[in-house]
Structure formats: C-alpha cells, structure tokens
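# Examination of the molecular architecture
Chain by chain, the residues:
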Amino acid sequence: MMDLGRLRALNAVAVHGSVGRAAAALGYTPSAISQQISKLERETRTPLLEKRGRGVVLTDAAHDLAQTAQAVLALVEQAEVGLEARRGQVSGRLFLAAFATAARGLLPPVLADLATHYPELELRVLESDPYLMAELVARGEVDLAVVQDWSNTPLATPEGVARRPIGVDAVDAVLRADHPLAERDLLTVEDLRGQQWVNTPPGTICHDWLIRTLREAGEEPDIRFQASEFDTQIALIRAGLCIGLVPRLGRAPLPAGVVARPVTPEPTRRVSVLWREQASRRPAIAAALEALQRHWPERSAAPEPTIVAQRV
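Described below are features of the structure shown in this document. (Residues numbered from 1 in each chain as written. Predicted model: local features only at pLDDT ≥ 70, side-chain atom pairs only at ≥ 80, totals over all residues. Heavy atoms only, no water.)

### Some details on the pairing of strand β8 (residues 196-199)
To keep things clear, this is the line we draw: Whether two strands pair depends on DSSP finding at least two bridges between them. Per the convention used, a helix needs a DSSP run of H or I reaching at least four residues, while a strand needs a run of E reaching at least two, with both numbered from the N terminus. By convention, orient the strands away from the viewer: a clockwise path from the first strand over the helix to the second makes the crossover right-handed.
Bridge count for β8 against strand β9 (residues 222-226) is four bridges, and the pairing is parallel. Looking at β9, one finds that N199 is bridged to Q226. Running through helix α8 (residues 205-216), the crossover from β8 to the neighbouring parallel element β9 is right-handed.

Rendered as structure tokens:
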C-alpha cells in the first residue's frame, strides 16, 4: 500500500513544479521531499524523478500517479472533514495562503488569535499571488486563501471553491514630495498620464490591474521598474525615479520625502477568502473566516496624512 505522505509529496511537486517549491509549501526540506519520492519509487517499482539540467523533473508515470494522488488526498480530506465536524473541535492542520500585503497587514493578528484560542490547530502560511492561490485551493494544496482582485481585473473562482468578501482596500498614488503632482490634495487618473511607473512583475494581478487602468484612461503605461515588494517600489519612488499606485493595507509609514495622494475615482481592490466547498464543515475553516472578518476593520488603513513626509 502506498504511503499517503509520499503521495502528498509527489502531488506537491506536480502542483508547484519543483522539489524546492513543493518543500517550501509543505514546510519540509527539499531533501526530505526527495527522500519521500525515492521511497515511493521503491514502493511502486517505477521511476518518478529524472534529472534535467541541474534539477529534476517528474516522469510521465509520476504525473499520472500524481493525478491519482490528488483524488486520493481529496477523499482523505473529505473523511477528515467529516470527523472534525462531528467532533466540533478546531484542530488539525490549517494551511493559509495570502498575497503579500495581506500576509503582512492582516494575517499576523489573525494567526495570533487562532493560536491563542485553538492550541490544537497547526497553522502554516504561504505568501503567493492570487492567480496561483486560487488554483492551490482548488487542488487542495492550501485550505484557505486571502486573495485580491479589482473591478476591471476580476479573479475567477474555480469550480468547487467557495468565496467570501471580507473588505475593500483603497489605493493611493505614491510619489516623491517634490514631484509637481504632490502639490495637489486629490489626483485623477488623467493626472497620472505621462509618468514613469514602478509596478509588480508581469503575471501578477496588480500588474494586470495597473495596465488596464491606465489603458482605460488612454495611456500606454511607461513601466520602467518592476518590484514585487511595495517597500522596494517606495524606495525607487523616493529616489525620484518613478511614481506608483500603492494599496493601504500592510503599507508601512512612508519615509521622509515621499507622500501619498488619494485618486478619484478611488481605485479599490476587493479582498476575499477562498476555500474548498467540501471543507466548509471544518470548524477550523469557520474559526479562520470569523477571525479574518473580525480583524479586518482594524487592519484596513486610513489615508496617509499629508504631514507624514517632508520635502527634499
């Protein structure tokens, strides 16, 4: 009989595309994942990994087995959900994923709350982009994901995945304090035309949103810089190289020489939670949803006061 832990490791490699990323998602070392798959090779008498370049990839047989593993793991989860629901206890492993600013600006008090009230709950967290998180939830790789999307860049909800909105996060134009637009208390999207931009890399939902927003205003954006972290974006803005649109959730106080200005009509992103419908009966899911909703009001940031930054 094949070991469930080894099937889980194989499935994670198939989902995440490499042993290293699978290890990070499951909370193990790459060596541990490789050992699990090696043991599975001996159990099945089938090669599952083959070398390619400096790394390894799954064989065709491994991909077939990973599909079966995913179905088996879904059945196991269904059984576990039923037992947890019957016991009514918030326990077991809860794997949460969140986009970067939610991981920083929302999850810490939520996780602390859950850890304090439910010591039998094993919490794990992954930071990722909403595009990937939606699929991870659908595949059963994570239990619950905090995602974002925008009115002109909606995030599709995969079949079998439930969704609940928890709040709306506003976005401000962030620029150097001596930028000509910093003189104004309120900016329009049209005011932002002709600027040099910093943005998240292509393939992320924030990148797609900025491109569409500026194109709708008749502007082909001049994106000179790409950075995943908003702190890096703000450092580039402070250097006078560009401007950016930065959400309020999870945003640290702006450094001297940088200001935030609201934009009209106000750009907002919708923050929601995804989980598998078949896991809705899990007490842990219900507890996490309640904690996220409860902590949202204190995490949604107010507009940056104009006195925070000084001119340079």
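### Some words on unusual backbone geometry
Between T264 and P265 the backbone carries a cis peptide bond, its omega angle lying at -10°. For R45, which is not glycine, the phi torsion reads 55° and is therefore positive. For R45, the location among the structural elements is in the loop between α3 (30-44) and β1 (49-52).

### Things to note about the nonpolar core
Inclusion rule: Working definition of a nonpolar core: buried Ala, Val, Leu, Ile, Met, Phe, Trp, Tyr and Cys residues. They are joined through side-chain atoms within 4.5 Å. With a 1.4 Å probe rolled over the protein chains alone, any residue whose accessible area is under 20% of its type maximum counts as buried; one over 50% counts as exposed, and the rest are partly exposed. The contact criterion used is simple: two residues touch if any of their non-hydrogen atoms lie within 4.5 Å.
Judged by nonpolar contacts, the single largest core of 64 residues is most densely connected at L144, V146, L192, L245 and L292. The biggest single contributor to this core is helix α10 (residues 283-299), with eight residues. In this view, L245 contacts V171, D172, A173, L192, W197, W209, L210, F230 and V263; residues no more than four positions away in its chain are not counted.

### A word on the pattern of salt bridges
Any two side chains of opposite charge can pair, on the condition that their charged atoms come close. As a reminder of what qualifies: Between Lys or Arg on one side and Asp or Glu on the other, a salt bridge is scored when a side-chain nitrogen of the former is within 4 Å of a carboxyl oxygen of the latter.
According to the stated counting rule, one finds 19 salt bridges in the structure shown. Ionic pairing is found between D149 and R270, a salt bridge with its closest N-O pair at 3.0 Å. A residue pair is termed long-range when its members are at least 10 positions apart, and D149 in strand β5 (residues 144-149) and R270 in strand β12 (residues 268-276) qualify at 121 residues. Between E266 and R248 there is a salt bridge, with the nearest N and O atoms lying 3.7 Å from each other. Taken as a pair, E266 in the loop between β11 (258-264) and β12 and R248 in the loop between β10 (244-247) and β11 lie far apart in primary sequence, 18 residues in all.

Read these as spatial facts, not as claims about activity.
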